Amino acid sequence: MDLPGKERCVQIFYVLLLFFALLAGQLALIQLLRGDYYAQKALARETVTVSLEEYPRGEILDRRLRPLTKGMSVNRVAVFPQAMDDPEAVAKELAGLLGVPAGELAREVRSARVLPYAISPRQAAAVRERDLPGVLVVPFYRRYGPDPLAAQVVGYLGRPQPGERNGSGGNADWVGRTGLELYYDRELAGGRPRGYARLYTDAAGQWLKGRGIEIAFAASGQDRKNVVTTIDLDIQQVVEEVL
């Protein structure tokens, strides 16, 4: 091969080497910066997931790190129609255990969700004992307890307007509307719940029975932050009782 030909081969080699180096760098960048995002997208295609947290957001705390919203974990019933052979029959039997109209419950079990009904310990025990397919009692975290404090300071949440995003620029089911919920929306907003119930499906969307229904909780929401105030919960409680 003559010298000009060798030089062209070398040039082509370095061009190809540069191309593959850029491609590898781009793939590494995607893996580092967006890997978790794409992993979650892939997981969403092969699972049916129900959030066990009312609002995936950080907490608004008093100076001793106690939630001013008095958030609490309560028992709720989660349903997965994908795991039911006869959803209508399940809904009818479950309605009797929960004391709600069968027709109303039949509409609720058309999709996987946490049912909106408060249940007593006795009802929770009855549901567990009956062990209906696709029905389970789960711990569900409610952000606002029966007597939240400093409501005007804490603020409240609302549904986003069409096209509206949360403070961090992501899509959200709920956004801050007033008070600290609004001012620190970027910091409080979370993308994934701390807890979830999940079942796995095949390519046809059918439940993979061998894997059962998975319930899991994260130690803390890594995609949201808490806001710590100088308010003392005990003092605030007394003040509000007096007023």
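A brief look at the structure comes next.

Calculation criteria
Residues numbered from 1 in each chain as written. Predicted model: local features only at pLDDT ≥ 70, side-chain atom pairs only at ≥ 80, totals over all residues. Heavy atoms only, no water. Pairing = 2+ DSSP bridges. Helix = DSSP H or I, 4+ residues; strand = E, 2+ residues; numbered from the N terminus. Axes fitted to C-alpha atoms, helices over the stretch in contact; angles between N-to-C directions. Expected span 1.5 Å × (residues − 1). Buried < 20%, exposed > 50% of the residue type's maximum accessible area, 1.4 Å probe, protein only. Arc of directions from axis to C-beta. Phe/Tyr/Trp six-rings, centres within 6.5 Å; stacked < 30°, edge-to-face > 60°. Lys NZ or Arg CZ within 6 Å of the ring centre and 35° of its normal. Salt bridge = Lys/Arg side-chain N within 4 Å of Asp/Glu carboxyl O. Core = buried A, V, L, I, M, F, W, Y, C linked by side-chain atoms within 4.5 Å. Contact = heavy atoms within 4.5 Å. Polar contact = N/O pair within 3.5 Å; in protein donor to acceptor, adjacent residues only side chain to side chain.

Topic: the sheet that holds strand β1 (residues 47–51)
The strands making up a sheet associate through hydrogen bonds between their backbones, and the pairing can be parallel or antiparallel. Across the sheet, three strands lie side by side as β1-β8-β9; this open sheet has antiparallel pairing. Strand pairing shows two members of the sheet lacking a second neighbour, β1 and β9 (213–217), which therefore form its edges. Pairwise comparison of adjacent strand axes, ignoring direction, gives a mean angle of 20° for this sheet. Across five bridges, the pairing between strand β8 (residues 195–200) and β9 is antiparallel. Directly across from leucine 199, in β9, lies its bridge partner isoleucine 213.

Focus: helix α2 (residues 87–98)
With twelve residues, α2 extends 16 Å from end C-alpha to end C-alpha; this agrees with the ideal 16 Å at 1.5 Å per step. All of the buried residues in α2 are Val90, Ala91, Leu94, Ala95 and Leu98. Seen from one end, α2 has its buried residues packed into an arc of 135°, which puts them on one side. Among the exposed residues of α2, those oriented more than 90 degrees off its buried face are Lys92 and Gly96. Positioned one or two residues after α2, glycine 99 has a phi angle of 75°, which is positive.

Some details on the packing of aromatic side chains
Tallying each qualifying case throughout the model produces three aromatic pairs. Measuring from centroid to centroid gives 5.2 Å for tyrosine 55 and tryptophan 174, while their planes differ by 80°, and the two rings are edge-to-face. In this pair, tyrosine 55 sits in the loop between β1 and β2 (60–61) while tryptophan 174 sits in the loop between β6 (157–158) and β7 (175–176), placing the two residues 119 residues apart along the sequence. Relative accessible area serves as the criterion here: at 25%, tryptophan 174 is assigned to the partly exposed category. A centroid spacing of 5.0 Å and a plane angle of 80° characterise the contact between tyrosine 183 and tyrosine 184, whose relative ring orientation is edge-to-face. The exposure class of tyrosine 183 is exposed, given its relative accessible area of 65%. Three or more aromatic residues joined by ring pairs make a cluster, and in this case those are Tyr55, Tyr144 and Trp174. The residue whose ring lies beneath arginine 143 is tyrosine 144, and the NZ or CZ to ring-centre distance is 6.0 Å. Of note, arginine 198 hangs over the ring of tyrosine 196, and the distance from its end group to the ring centre comes to 3.9 Å.

Focus on the pattern of salt bridges
Oppositely charged side chains can pair when the atoms bearing their charge come close. For the coordinates displayed, the defined rule picks out 14 salt bridges. Between glutamate 181 and arginine 57 there is a salt bridge, and its shortest N-O distance comes to 3.0 Å. Here arginine 57 lies in the loop between β1 and β2 and glutamate 181 lies in helix α6 (residues 179–183), a separation of 124 residues in the sequence. Here glutamate 181 and arginine 57 have matching classes, each one buried. For the salt bridge of aspartate 234 with arginine 66, the shortest nitrogen-to-oxygen distance reads 3.2 Å. Here arginine 66 lies in the loop between β2 and β3 (72–79) and aspartate 234 lies in helix α8 (residues 233–242), a separation of 168 residues in the sequence. One connected set of salt bridges, linked through shared partners, spans Asp62, Arg63, Arg64, Arg66, Asp232 and Asp234.

A few points about the nonpolar core
One finds Val77, Val79, Leu94, Leu98, Leu105, Leu115 and Val135 to be the most contacted residues of the largest nonpolar core, which totals 19 residues. Secondary-structure elements contributing two or more residues to this core are β3, α2, α4 (121–130) and β5 (135–142). With five residues, α2 is the largest single contributor of residues to this core. Apart from the residues lying within four places of it in its own chain, the contact partners of valine 135 are Val77, Ala78, Val79, Met84, Val90, Leu94 and Val127.

Side note on the side chain of glutamate 53
Its location among the elements puts glutamate 53 in the loop between β1 and β2. Of note is the side chain of glutamate 53, whose polar atom sits 3.3 Å from the side chain of arginine 224.

Some details on the sheet that holds β5
In space, the three strands of this open sheet follow the order β4-β3-β5, with antiparallel pairing throughout. The strands lining the two open edges of the sheet, one partner per strand, are β4 (113–114) and β5. With eight bridges joining them, β3 and β5 adopt antiparallel strand pairing. Paired with alanine 78 across the strands is leucine 136, a residue of β5.

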